[in-house]
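# Secondary and tertiary structure notes
Each chain, letter by letter, is given below.
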Amino acid sequence: GATTATDVPALEPGGHDPSQRGFTVQNLELVLEGAVDPYFRGQANVVLQISPEGESVVELEEAYATTTSLPHGLQLKAGQFFTEFGRLNPSHPHSWDFVDQPLVNGRFFGPDGLRSVGARLSWLLPTDFYSEAFLTLQNSQGETLSSFRGVPGETLFGRELVDRDVKTVSDLLLVPRYAASFDLSDTQTLLVGASAALGPNGTGTDGRTRIYGVDGFWKWKAPNAFKGFPFVKVQGELMYRDLFADTSAAPSDAGAPGAASFDYWGGYLQVNWGFKPGFVAGI
């Protein structure tokens with residue numbers, strides 16, 4: 001990737017975005033996948049990057065197992081993985097339509113997306129259309145959870161983050177999601193979803209963060225398509241973050257920030273037209 005932006009950190013906050021004026025090696029990904037036994041499959045995604053300083057960075061992005069034979073449409077996933085919130089967050093850069101992630105994802109979920117260690121239960125509902133419910137429970141602390149407990153010592157809205165112990169389930173990250181897909185016609189498909197991410201933040205013992213999102217995807221493909229072309233697809237997400245910052249992490253001086261709520265919303269909309277095999281135009 002490459003950029004000519006003069007304020008790169010503000011416009012490109014994603015960990016896989018072009019991170020400097022000039023060229024960037026954004027992401028080299030090694031994927032290891034296979035059957036563990038008759039009941040589980042395993043996958044690991046190892047990422048290699050070149051930092052703006054020219055250093056090589058190696059990161060274990062995902063490493064998880066999924067069940068293959070649970071009854072009644074159930075599946076369990078456990079390990080380190082991208083949280084299933086919306087359409088873009090669970091995906092990897094090679095499947096993105098654009099070279100960088102939307103600004104709202106970088107601001108709400110941090111540079112590397114919302115991901116952590118935990119477990120996810122999904123249920124494929126017995127309907128005549130695609131309908132699936134997800135419930136994820138993950139750790140809420142770390143550099144990939146910037147809107148939540150984050151990294152102690154770093155700051156969030158001017159408040160230094162403290163180390164909060166996990167005492168109950170409410171100190172973890174809870175993420176419910178529902179998605180459904182419909183064939184509108186022989187050439188059109190619509191997928192809609194709704195997600196929430198609920199958990200504590202590191203501003204103090206009463207700090208809480210709630211992020212809500214809705215997403216949609218529509219695709220048209222010609223009835224005489226060749227190699228999947230031509231097609232038109234529209235994708236968008238709208239998110240709202242309600243963050244309550246506690247006072248217990250603030251310094252004791254008179255000028256320290258007090259308890260406050262911060263409400264933000266953001267979103268993106270993208271359209272892609274595949275007009276010829278191998279050629280796509282998007283905005």
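For the structure given in this document, a descriptive report is provided here. These figures come from a predicted structure and were not determined experimentally.

## Some thoughts on the sheet that holds strand S15 (residues 260-276)
- The strand order across the open sheet built from twelve strands is S3-S4-S5-S6-S7-S8-S11-S12-S13-S14-S15-S16, with neighbouring strands paired in antiparallel fashion. Both edges of this open sheet fall to strand S3 (28-37) and strand S16 (279-282), since each of them pairs with a single strand only. In this sheet, adjacent strand axes meet at a mean angle of 15 degrees when their direction is disregarded.
- As paired elements, strand S6 (residues 74-82) and strand S7 (residues 115-124) share nine bridges and run antiparallel to each other. Directly across from Gln75, in S7, lies its bridge partner Ser122.

## A short note on a nonpolar patch on the surface
- A cluster of nonpolar side chains, Val25, Leu28, Leu30, Leu32, Leu48, Ile50 and Val58, forms an exposed patch at the surface whose accessible area comes to about 600 Å².
- Taken together, the elements giving at least two residues each to the nonpolar patch come down to S3 and strand S4 (40-50).
- Looking at which element gives the most residues to the nonpolar patch, the answer is S3, with three residues.
- Here Leu32 is to be found in strand S3.
- Classification of Leu32 by relative accessible area gives partly exposed; the value is 48%.

## A few points about the pattern of salt bridges
- Enumeration according to the criterion identifies six salt bridges in this entry.
- The partner of Asp215 in a salt bridge is Arg177, and the shortest N-O contact between them spans 2.7 Å. A residue pair is termed long-range when its members are at least 10 positions apart, and Asp215 in strand S13 (residues 208-226) and Arg177 in strand S11 (residues 173-183) qualify at 38 residues. Here Asp215 and Arg177 have matching classes, each one buried.

## Some remarks on the pairing of strand S5 (residues 56-67)
- Sheet analysis places S4 next to S5, joined by eleven bridges and oriented antiparallel. Paired with Gln49 across the bridge in S5 is Val57.
- Counted along the chain from S4 to the antiparallel partner S5, the turn is five residues long, and its residue Gly54 has a positive phi close to 90 degrees.
- Two elements, S5 and S6, share four bridges in a ladder whose sense is antiparallel. What sits directly across from Thr66, in S6, is Lys77.
- Counted between consecutive antiparallel strands, the loop separating S5 from S6 contains six residues, among which His72 sits at a positive phi close to 60 degrees.

## Let's talk about the packing of aromatic side chains
- Tallying each qualifying case throughout the model produces eight aromatic pairs.
- With centroids separated by 5.2 Å and ring planes inclined at 55 degrees, the aromatic side chains of Phe229 and Phe231 adopt a geometry described as tilted. This pair shows no difference in class: Phe229 is buried, exactly as Phe231 is.
- Among the aromatic residues, those joined into a ring-pair cluster are Phe157, Phe262 and Tyr264.
- Over the ring of Phe231 we find Lys219, and its NZ or CZ is 5.0 Å from the ring centre.

## Observations regarding the side chain of Glu12
- In this fold, Glu12 is placed in the loop between helix H1 (8-11) and strand S2 (22-23).
- No salt bridge is formed by the buried Glu12, whose closest oppositely charged neighbour, Arg107, lies at an N-O distance of 11 Å.
- Setting aside anything within four residues of it in sequence, one finds Glu12 in contact with Asp17, Pro18 and Asp100.

## What to know about the nonpolar core
- Formed by 15 residues in total, the largest nonpolar core has its most connected members in Phe85, Phe109, Leu114, Phe148, Leu173, Ala197 and Ile211.
- At the level of elements, helix H2 (103-109) and S11 are the ones that each hand at least two residues to this core.
- Looking at which element gives the most residues to this core, the answer is H2, with three residues.
- Setting aside chain neighbours within four positions, we find Phe85 in contact with Pro90, Phe109, Val175, Ser195, Ala196, Ala197, Ile211, Tyr212, Gly213 and Met239.
- Among the nonpolar cores identified, the runner-up in size contains five residues, and Leu156, Leu161, Ala245 and Phe262 belong to it.

## As for the pairing of S13
- Direction of pairing for strand S12 (residues 188-200) relative to S13: antiparallel, over a ladder of 13 bridges. Looking at the pairing, Pro200 lines up with Arg208 of S13.
- Relative to strand S14 (residues 229-245), S13 is paired through 15 bridges, and the arrangement is antiparallel. Residue pairing across strands places Val214 opposite Leu238, the latter belonging to S14.

Definitions and cut-offs
Residues numbered from 1 in each chain as written. Predicted model: local features only at pLDDT ≥ 70, side-chain atom pairs only at ≥ 80, totals over all residues. Heavy atoms only, no water. Pairing = 2+ DSSP bridges. Helix = DSSP H or I, 4+ residues; strand = E, 2+ residues; numbered from the N terminus. Axes fitted to C-alpha atoms, helices over the stretch in contact; angles between N-to-C directions. Patch = residues over 30% accessible without salt bridge, like charges linked within 9 Å, V, L, I, M, F, W, Y side chains within 5 Å. Areas by Shrake-Rupley, 256 points an atom, 1.4 Å probe, with all protein chains shown as cover. Salt bridge = Lys/Arg side-chain N within 4 Å of Asp/Glu carboxyl O. Buried < 20%, exposed > 50% of the residue type's maximum accessible area, 1.4 Å probe, protein only. Phe/Tyr/Trp six-rings, centres within 6.5 Å; stacked < 30°, edge-to-face > 60°. Lys NZ or Arg CZ within 6 Å of the ring centre and 35° of its normal. Lys, Arg positive; Asp, Glu negative; His and termini not counted. Contact = heavy atoms within 4.5 Å. Core = buried A, V, L, I, M, F, W, Y, C linked by side-chain atoms within 4.5 Å.

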